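# Observations on the model geometry
Spelled out from the first residue to the last, the chains are:
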Amino acid sequence: MVTDTARKPDSRPSAPARVRRRERNPLGAFGALSHVALLVWALLIIGPIVWTFLAAFKTNAEIFGDAITLPASFGGDAWGRAWEKAHIGQYMLNTIFVVACSTAGTMLLGSMAAYVLARYTFPGNRVIYFLFVSGMTFPVFLALVPLFFVVKNLGLLDTHLGLILVYIAYSLPFTVFFLSAFFKTLPTSVAEAAMMDGCSHTRTFFQIMVPMARPGLISITIFNILGQWNQYLLPIVLLTGNVEDKWVITQGVANISTSAGYEADWPGLFAALSMAIIPVMIVYIIFQRQIQSGLTSGAVK
């Protein structure tokens with residue numbers, strides 16, 4: 001005699017469901033740990049920045065007291081002192097002028113050199129490329145003394161032009177290295193079609209290749225702006241104390257902490273630091289998508 005027994009439903013998920021679950025969480029525990037590490041890293045970066053902005057509204061006693069307390073009042077006295085007495089406004093204008101000129105020169109010369117090295121074959125191509133790349137391995141500390149005398153002999157010491165030329169020279173190696181790799185990923189057929197239509201090499205570069213390389217150009221431009229804005233060693237060597245009206249913002253911020261001796265204006269110092277941080281932060285927030293797309297485009301292609 002055969003009897004039918006009720007089968008218990010299978011509680012295990014089906015094969016497609018298991019596949020979808022693996023696709024949804026492909027990294028498992030490693031992914032969770034990476035998210036925790038990113039969260040810790042974000043806190044380590046954001047924490048000091050937030051504390052700097054809060055310290056700009058505190059008094060000296062509050063700064064050296066409990067570090068995590070909020071300021072008693074959010075007045076702008078320290079910001080006013082930093083802007084007027086410490087001349088941070090003038091130093092910021094000087095920095096904007098120097099960085100704008102040096103970044104424009106770096107991108108023009110760097111993109112042209114990278115394009116030629118990436119797209120044209122000629123004797124000495126690799127030698128010139130490796131000379132540019134070797135510039136990234138040369139520490140700036142070793143060049144400060146000879147650089148001082150070179151700029152002095154050219155009559156450009158204590159001038160913005162001398163600082164701009166040095167910024168361009170020190171930014172070119174990484175710019176050429178980055179953009180040459182990016183230009184190699186662009187399709188050759190487009191440039192060949194433009195040449196067949198009668199475009200010159202110059203016109204092909206500026207009207208065809210530069211728009212195609214826009215993500216990479218934006219990314220390296222932001223990197224150059226950040227690096228030159230935060231530069232301190234080169235300005236302090238090339239812009240001496242005899243020309244305070246030509247100083248850049250990093251020199252102005254450092255001068256606040258050293259000029260007053262034991263009566264240092266710490267709220268004014270942190271206010272000046274906040275003023276130096278805000279423009280760079282705004283630039284990065286505006287162009288963050290372009291930076292990410294430029295880096296990922298170069299990696300994917």
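Quick caveat, the model's predicted, so the values are computed rather than measured. Within each chain, residues carry numbers counting from 1 in the order of the written sequence. The model is predicted, so local features are restricted to residues of pLDDT at least 70 and side-chain atom pairs to those at 80 or more, both for listing and for counting; the totals for chains, interfaces and linings are taken over all residues. The basis for every side-chain value is the complete set of heavy atoms in the structure, and neither hydrogens nor water enter the calculation.

Once that is clear, we can look at the overall build of the protein chain. Check the secondary structure of the protein chain and you find 14 helices and 0 strands. In DSSP terms, a helix is any run of H or I states spanning at least four residues, a strand is any run of E spanning at least two, and both are numbered starting from the N terminus. When the helices and strands of the protein chain are listed from N to C terminus, the series reads α-α-α-α-α-α-α-α-α-α-α-α-α-α. Considering the protein chain as a whole, with its 301 residues, one finds that 34% of them fall into the buried category. Contact criterion: two residues are considered in contact whenever any of their non-hydrogen atoms come within 4.5 Å of each other. For the protein chain, restricting intrachain contacts to residue pairs at least 6 apart in sequence, the fraction spanning at least 24 positions comes to 74%. Computed with a 1.4 Å probe, the accessible areas rest on the Shrake-Rupley method; for each residue, only the protein chains presented here act as cover. Summed over its atoms, the accessible surface of the protein chain is roughly 18500 Å², and 68% of this surface lies on carbon and sulfur atoms. Buried residues are those whose accessible area, probed at 1.4 Å on protein chains only, stays under 20% of the maximum for their type, while exposed residues exceed 50% and partly exposed ones sit between those limits.

You can see W247 is positioned in the loop between α12 (233-238) and α13 (249-259). The spacing of W247 and H87 is 160 residues in sequence and 9.9 Å in space, taken between C-alpha atoms. Residues contacting W247, with those up to four places away along its chain left out, are Y91, N94, L239, T240, G241, G252 and N255. Under the rule applied, a polar contact is a pair of N or O atoms within 3.5 Å (in protein, one hydrogen donor and one hydrogen acceptor; residues adjacent in sequence only if both atoms are side-chain atoms). Within the structure, W247 has its side chain in polar contact with the backbone oxygen of T240 (distance 3.0 Å).

Turning to helix α11 (residues 214-229), a few remarks are in order. Helices are assigned an expected span. That span is 1.5 Å times one less than the residue count. Over its 16 residues, α11 extends 22 Å from the first C-alpha to the last, a length consistent with the 22 Å expected when each residue adds 1.5 Å. Taken as a whole, α11 has its buried residues at G216, L217, I218, S219, I220, I222, N224, Q228 and W229.

Okay, the environment of N230 next. Mapped onto the elements of the fold, N230 is located in the loop between α11 and α12. A polar atom in the side chain of N230 sits 3.1 Å from the backbone oxygen of L226.

Between its first and last C-alpha atoms helix α8 (residues 160-184) spans 35 Å; for 25 residues at 1.5 Å apiece the expected length is 36 Å, and the two agree. Here the bend at a residue means the angle between the axes of two seven-residue stretches, the one that ends at it and the one that starts at it. Residue L172 marks the point of greatest curvature in α8, where the axis turns by about 40 degrees; the proline P173 follows within four residues.

For the rest of this paragraph, the subject is the layout of surface pockets. Roughly 420 Å³ of internal volume is contained in the largest pocket. If you trace the largest pocket, you find 14 residues lining it, with N230, A276, I277, V280 and M281 closest to the centre. Broken down by secondary-structure element, the contributors of at least two residues to the lining of the largest pocket are α11, α13 and α14 (266-300). Here the element with the most residues in the lining of the largest pocket is α14; it accounts for 7 residues. By volume, the second largest pocket amounts to about 290 Å³. Using only the protein atoms, space was sampled on a 1 Å grid; points where a 1.4 Å probe fits but cannot get out form cavities, open sets with protein on both sides within 12 Å along at least five of seven lines form pockets, and lining residues are those with an atom within 4 Å of a point. Around the second largest pocket, the lining is made up of 15 residues, and of these V140, Y170, S171, Q231 and L234 lie nearest the centre. Contributing elements (two or more residues each) for the lining of the second largest pocket: α8 and α11. Grid points are joined across faces, edges and corners, and a volume is the space filled by probe spheres set on the points.

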